[in-house]
Amino acid sequence: MRKRKLERSKKRQRGQFMTPRALARSIVRSLNLEKVDRILEPSCGDGSFVEAILEVFLEENNASCGQHEPLERSSLVAVELDAELLEKCKQRVASMSAANGQEMPCTFLQGDFFQFFINRSRLVEDDSLQNSLREKFDLIVGNPPFGGSFDPKIEDELDAVLGKRLGRKIKKETYAFFIVACMEMLRPGGKLIFICSDSLLTIPTMTGLRQYLMESGGVTLHLLEE
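Residues numbered from 1 in each chain as written. Predicted model: local features only at pLDDT ≥ 70, side-chain atom pairs only at ≥ 80, totals over all residues. Heavy atoms only, no water.

Engineer: Would you mind going over the pattern of salt bridges with me for this structure?
Structural biologist: If charged atoms from side chains of opposite charge come close, those side chains can pair. A full pass over the atoms with the stated rule returns 11 salt bridges. Salt-bridge contacts for Arg 29 lead to Glu 55; the nearest nitrogen and oxygen are separated by 3.9 Å. With a gap of 26 residues between them, Arg 29 in helix H3 (residues 21–29) and Glu 55 in helix H4 (residues 48–65) connect regions that are remote in the sequence. A relative accessible area of 41% places Arg 29 in the partly exposed class. A single network of salt bridges, built from pairs that share partners, joins Arg 25, Arg 29, Glu 55 and Glu 59. (Salt bridge = Lys/Arg side-chain N within 4 Å of Asp/Glu carboxyl O. Helix = DSSP H or I, 4+ residues; strand = E, 2+ residues; numbered from the N terminus. Buried < 20%, exposed > 50% of the residue type's maximum accessible area, 1.4 Å probe, protein only.)

Engineer: Could you clarify how one ought to interpret the layout of surface pockets in this entry?
Structural biologist: Taking a probe equal in size to a water molecule and rolling it over the atoms shows the remaining empty space. Within this model, the largest pocket holds a volume of roughly 1,200 Å³. Considering the residues around the largest pocket, the lining is formed by 34 residues, among which Ile 193, Phe 194, Thr 220, Leu 221 and His 222 are closest to the centre. Broken down by secondary-structure element, the contributors of at least two residues to the lining of the largest pocket are H3, helix H9 (174–183), strand E7 (186–194), helix H10 (199–202) and helix H11 (207–216). The leading source of residues in the lining of the largest pocket is E7, at 9 residues. Its residues assigned to classes, the lining of the largest pocket shows 19 nonpolar, 10 polar and 5 charged. (1 Å grid on protein atoms, 1.4 Å probe; cavity = no way out; pocket = protein on both sides within 12 Å on 5 of 7 lines; lining within 4 Å. Points joined across faces, edges and corners; volume = space filled by probe spheres on them. Nonpolar A, V, L, I, M, F, W, Y, C, P; charged D, E, K, R; others polar.)

Engineer: Just to check I follow, could you spell out the packing of aromatic side chains for this structure?
Structural biologist: The relative placement of two aromatic rings is captured by the distance of their centres and the angle of their planes. The full count for this structure, using the stated rule, is 6 aromatic pairs. Measuring from centroid to centroid gives 5.5 Å for Phe 114 and Phe 150, while their planes differ by 45°, and the two rings are tilted. In this pair, Phe 114 is assigned in helix H6 (residues 113–122) and Phe 150 in the loop between strand E4 (137–142) and helix H8 (152–162), connecting sequence segments 36 residues apart. On the basis of relative accessibility, which here comes to 5%, the residue Phe 114 falls in the buried class. The class for Phe 150 is buried, based on a relative accessible area of 7%. Among the aromatic residues, those joined into a ring-pair cluster are Phe 113, Phe 114, Phe 150, Phe 177 and Phe 178. Over the ring of Phe 137 we find Arg 38, and its NZ or CZ is 4.2 Å from the ring centre. (Phe/Tyr/Trp six-rings, centres within 6.5 Å; stacked < 30°, edge-to-face > 60°. Lys NZ or Arg CZ within 6 Å of the ring centre and 35° of its normal.)

Engineer: Teacher, can you tell me more about the packing of H9 against H11 here?
Structural biologist: Helices that pack against each other are described as a pair by the angle of their axes relative to one another and the distance between those axes. In contact at an axis separation of 11 Å, H9 and H11 are set at 25° when each is read in the N-to-C sense. The angle between the axes of H9 and H11 places the two elements in the roughly parallel class. Relative to H11, H9 is oriented so that their crossing is left-handed. From H9, Ala 176, Ile 179, Val 180 and Met 183 reach across to H11, where they touch Leu 209, Tyr 212, Leu 213 and Ser 216. Residues belonging to the contact of H9 with H11 are distributed by class as follows: 7 nonpolar, 1 polar and no charged. (Axes fitted to C-alpha atoms, helices over the stretch in contact; angles between N-to-C directions. Parallel < 35°, antiparallel > 145°, perpendicular 65-115°, else oblique. Left-handed = near helix turned anticlockwise from the far one by under 90°. Contact = heavy atoms within 4.5 Å.)

Following this line, the structure appears as structure tokens:
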């Protein structure tokens, strides 16, 4: 099974489903970002959520400080495995910077989010983690990969670290492990906003994840129209 997964097309292997701009913008604008200091997008793709968050930052800043004043907001961290997609995200942000005459408060990390998480858990010395992923986040938002493959070099370690919570098995699926890892990266009172498959609600193998979420904090579900 593992070999077949690794031989699939890159898009299927990585579980890539890009979020439409309008959907990302709608989700972000439903949130109150005024008191949010640190935001993580752990699978940013081509940047739909990153762009939507930075738009809100700019609007809030312009409303309080005046147009083209330097953004006083703190960090947005965007992680992406696919270098080509991350480059598209960077280009979006660069266009926003040029249009507004200032640098956007966004840190980009190209690589496997799960490898970053493992390094963080091991307290591995990693320059890319030192100031961006070590501290916890107020908000984590995005569209994690669905049905993707894990790096075989860390798959067993990931299963050992993320595969059980509160005595229950967490299904070894990319979006399930993304949820568990990101829950551990939230500050007390922080929020995790993810687009997920409805299999989270329906299949027996997701029972462990459902129970973990319900026992870890408040859960609100929104069904997206097709």
